[in-house]
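Structure at a glance
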Amino acid sequence: MLARLEELRAEGVARAESAEDLGALERVEVEWLGRSGRLTALLREVGKLSAEERPAVGRTANEVKTAISGALAARREVLEQGALASDLSGAGLDPTLPGSPPPVGAAHPVLAVARQLEDLFLSMGFLIADGPEVETEERNFDALNIPSDHPARDAQDTIWLQDEPGRPRLCLRTHTSPVQVRALREHGPPLRVVAPGRVFRQEAQDATHEHTFHQMEGLVVDRGVGVPHMLHAMHTLIEGVFGRPLETRLRPGFFPFVEPGFELDARCPFCKTGCRVCKQSTWIELMPGGLVHPNVLRACDVDPEIYSGFAFGLGLSRIAMLRWGIDDIRWMMSGDLGFLEQFPA
Ligand code: FA5
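The structure contained in this document is the topic of the report that follows.

Parameters at a glance
- Residue indices follow the written sequence of each chain, beginning from 1 at its first position.
- This being a predicted model, a pLDDT of at least 70 is required before a residue's local features are given, and a value of 80 or more before pairs of side-chain atoms are given or counted; all residues contribute to the totals for chains, interfaces and linings.
- As a rule here, side-chain values come from all non-hydrogen atoms in the structure, and water together with hydrogens is ignored.
- Whenever a carboxyl oxygen of Asp or Glu lies within 4 Å of a side-chain nitrogen of Lys or Arg, that contact is scored as a salt bridge.
- Under the scheme used here, helices are H or I runs from DSSP no shorter than 4 residues and strands are E runs no shorter than 2 residues, and both carry numbers assigned from the N terminus.
- Exposure is judged per residue with a 1.4 Å probe applied to protein chains only, and the accessible area is read against the type maximum: over 50% gives exposed, under 20% gives buried, and values in between give partly exposed.
- Two aromatic rings from Phe, Tyr or Trp, using only the six-membered ring of Trp, form a pair when their centres are within 6.5 Å; if the ring planes differ by under 30 degrees the pair is stacked, by over 60 it is edge-to-face, and anything between is tilted.

For the structure shown, the criterion picks out 19 salt bridges. Measuring nitrogen to oxygen at the nearest pair gives 3.3 Å for the salt bridge that ties Arg15 to Glu31. Of the two residues, Arg15 is situated in helix α1 (residues 2-17) and Glu31 in helix α2 (residues 22-33); the sequence distance between them amounts to 16 residues. The partly exposed category is assigned to Arg15, whose relative accessible area is 33%. A relative accessible area of 32% means that Glu31 is categorised as partly exposed. Taken together, the shared-partner salt bridges connect Glu11, Arg15, Glu31 and Arg38 into one network.

In structure tokens form, the structure reads like this:
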């Protein structure tokens, strides 16, 4: 038995050392060490040996296995190095073969809607403005004519930063409307601007409410601006998002920074008789807006006797949900690749 083991060792090592390529090497491994390999077959006979013979045969069998495995590993390294060197030398390289494309990301659905609307408003002569996510109480509330006892300032809705003595009070902006104030103070009228961005509220989450979501503010201030101008902008926006005009209706809506204030509803783009999206009403609430309140114009050093304007605040996250039939807003911030990969570039 010991002699047969030695034969196996010599032959196995020799075969490993002379394997010409990785495929041949693999065949040697299977033939010697595999489940039905030659060494394994021999080891099955160990049981038939006497108790005295067994330890020596077992030890030698292990040594044989180690020797063959070692020879296989050494040869594999040599063959792999050779393959790499030949790749690098360019021999056998065909530069005309198609490469494997790198994985390409895509715009998040909210970003895709924001970009589409930015293009649309740019084509109508609007500026795209940006504002910080940490905002002063003055711009987020006071300049927007939101009185200090308004419930929206309550800690239940607004996420406040820790007060620092002698510094203005700061919060995470609760809407994109403070960008109205920033843009008007910076550029003055006449002005047309849209401002997409992330906003934050202390909010109980459900399928349509997030604590972090996206809005897009629109603001036009000029001489003689009125409700028909606002409606034209809103209708253009709807056609841009849904690819066709939708029937709309205006309802009164209260926001301290507009007077009069409205909620614009659109006829559900998905049904005629009522569905899950419009909750059987055939109307969906699309965007609030109104004519800029004179107090807001004054807070931005604009004379309301000369200028007027309109503003609207679109929930971008909800528009993206409508556009692609996404049933839960919490997907948006989930970072879930299974969700995101459904929106190719
Ligand atoms: C505002 O935030 C006003 N600043 C909008 C405005 C601007 C009115 C200019 C008039 C003139 P509101 O709280 O309704 O209004 O929010 C506007 C939109 O944001 C809603 O229509 C909705 O689409 C979206 N929204 C509000 N709360 C949430 C939330 N928790 N999660 C996701 N989207 C929300």
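Here we take up the packing of aromatic side chains. This model, assessed by the stated rule, comprises 8 aromatic pairs. Seen from their ring centres, Phe121 and Phe312 are 6.0 Å apart, and the 35° between their planes marks the pair as tilted. Pair noted here: Phe121 is in helix α5 (residues 109-123) and Phe312 is in strand β9 (residues 308-315), with a separation of 191 residues, a long-range link. Per residue, the accessibility class of Phe121 equals that of Phe312, and both read buried. Seen in terms of ring centroids, Trp324 and Phe343 are 5.5 Å apart; in terms of plane orientation they differ by 80°. Their pairing is edge-to-face. Highlighted residues: Trp324 in helix α10 (residues 316-324) and Phe343 in the segment after α11 (337-340), separated in sequence by 19 residues. According to the relative accessible area criterion, Trp324 is partly exposed, its value standing at 33%.

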